[in-house]
Amino acid sequence: GKLNGTQKNPHYLALYSAYALQIGLFYYFTETRNIKHIIPIVVAILLGLILSTSSRPTWIALFIAAFLCMLFLKDKIKNLALVLIILVPSILFFTNAWNFGGRLKELFINISSEERVVIWSDTWTMQKSSNNLQWLFGNGLDKFEENFKVFSRYHLEGNDFTIPHNSVLEVLYSSGLVGVGLFFIVYFFTSYHLIDIIKKSDKFKSLALLLFSMLIVNFFMGLITIKWFTHLNSYVLTAIIGLTIYIKSYYLQKK
């Protein structure tokens, strides 16, 4: 809970635990040595850690990633995966373990007045004040926090924000429509090539599924809560892109 401590921002702890959870599941289904038997214990601990952070964006991102990855599994495994995707959140919701059910009900009941929705609305109001050049190329990477104080309903309460908690709005205000275009190109083409590998390469299918799952979590966490222009986001994103390029290069060389 101290400055730069593990719990200073529980969303970062939840995010990297989610990445570790995905890697753990990857090793469970691909590993053949004795280490496989301890992986479920590690995965269970990581799941408990994610739940303990009360990071609803991470829960939602993992659910979306699991559902989309399920679509590329073989029918027998796909049916089992679908049951687990429905069963696990349902058990957590109805038992209210780690206040899972309570946090989700709170989100749905108060969605219109939820803090992020208010921030997004105020950010859009600020964005509309941009001139044509700013719409195209943005206002700069260091302008949001200071400029937002004039438009933020939370500023009068002494609560200021460094980001809009939405990667599209963040990139749009900082880098304009040009930046948003590049943003979507990065995610679209990385997803496109990973799906291509999943469909065409048995050797790399599992690894591509892992990278695709991590990319989805990275995208949706940025879309909901995590700052996009930060090393905490870019380290993982660039690793995913780099591995995708490597696999595609290796795959094409073998053709």
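The structure displayed is predicted, hence computed values, not measured ones.

Let's talk about the pattern of salt bridges
And step 1. Counted under the stated rule, the structure contains eight salt bridges.
And step 2. Salt-bridge contacts for E106 lead to R103; the nearest nitrogen and oxygen are separated by 3.9 Å. Taken together, the positions of E106 and R103, both in helix α5 (residues 100–109) and three residues apart, correspond to about one turn of that helix.
And step 3. Residue R153 pairs with D122 through a salt bridge whose shortest N-O separation is 2.8 Å. Taken as a pair, R153 in the loop between α8 (144–148) and α9 (167–200) and D122 in helix α6 (residues 115–127) lie far apart in primary sequence, 31 residues in all.

Overview of the side chain of S213
And step 1. You can see S213 is positioned in helix α10 (residues 205–224).
And step 2. In this structure S213 comes out as buried when scored by relative accessible area, which is 10%.
And step 3. One polar contact links S213 to Q22, side chain to side chain, over a distance of 2.4 Å.
And step 4. Beyond its immediate chain neighbours, meaning those up to four positions away, S213 contacts Q22, A65 and C69.

A word on α10
Structural remark: α-helix, 3.6 residues per turn; residues separated by three or four positions point the same way.
And step 1. Over its 20 residues, α10 runs 28 Å from end to end, which matches the ideal 28 Å to within 8%, given 1.5 Å per residue.
And step 2. Within α10, 16 of the 20 residues are buried, leaving the element largely enclosed by the surrounding structure.

So, the layout of surface pockets
And step 1. Of the voids in this model, the largest pocket is the one considered here, and its volume is about 1600 Å³.
And step 2. Counting residues per element, the ones that place at least two in the lining of the largest pocket are α1 (10–30), α2 (39–52), α3 (56–70), α4 (75–95), α5 and α10.
And step 3. Residue composition of the lining of the largest pocket, grouped by class: 34 nonpolar, four polar and three charged.
And step 4. Looking at the second largest pocket, its volume works out to about 260 Å³.
And step 5. As for the second largest pocket, its lining consists of 13 residues, of which N9, Y12, I163, H165 and T225 are closest to the centre.
And step 6. Elements that contribute at least two residues to the lining of the second largest pocket include exactly α1 and α6.
And step 7. Partitioned by chemical class, the residues of the lining of the second largest pocket number three nonpolar, six polar and four charged.

Quick notes on α3
And step 1. Over its 15 residues, α3 runs 21 Å from end to end, which matches the ideal 21 Å to within 8%, given 1.5 Å per residue.
And step 2. If you check which residues of α3 are buried, you get R56, P57, T58, W59, A61, L62, A65, C69 and M70.
And step 3. As for α3, its buried residues are in contact with α1, α2, α4, α5, α6 and α10.

Some details on the nonpolar core
And step 1. Grouped together as the largest cluster of nonpolar side chains are 44 residues, with contacts concentrated most on Y187, L194, V217 and I240.
And step 2. Elements supplying a minimum of two residues to this core: α1, α2, α3, α5, α9, α10 and α11 (231–254).
And step 3. Broken down by element, the residue count for this core peaks at eleven residues, all from α10.
And step 4. The contacts of Y187, once residues within four sequence positions are left out, are L215, N218, F219, W228, N233 and L237.
And step 5. By size, the runner-up hydrophobic cluster in this structure holds eight residues, among which are I119, M126, F148 and F161.

Criteria and thresholds
Residues numbered from 1 in each chain as written. Predicted model: local features only at pLDDT ≥ 70, side-chain atom pairs only at ≥ 80, totals over all residues. Heavy atoms only, no water. Salt bridge = Lys/Arg side-chain N within 4 Å of Asp/Glu carboxyl O. Helix = DSSP H or I, 4+ residues; strand = E, 2+ residues; numbered from the N terminus. Buried < 20%, exposed > 50% of the residue type's maximum accessible area, 1.4 Å probe, protein only. Polar contact = N/O pair within 3.5 Å; in protein donor to acceptor, adjacent residues only side chain to side chain. Contact = heavy atoms within 4.5 Å. Expected span 1.5 Å × (residues − 1). 1 Å grid on protein atoms, 1.4 Å probe; cavity = no way out; pocket = protein on both sides within 12 Å on 5 of 7 lines; lining within 4 Å. Points joined across faces, edges and corners; volume = space filled by probe spheres on them. Nonpolar A, V, L, I, M, F, W, Y, C, P; charged D, E, K, R; others polar. Core = buried A, V, L, I, M, F, W, Y, C linked by side-chain atoms within 4.5 Å.

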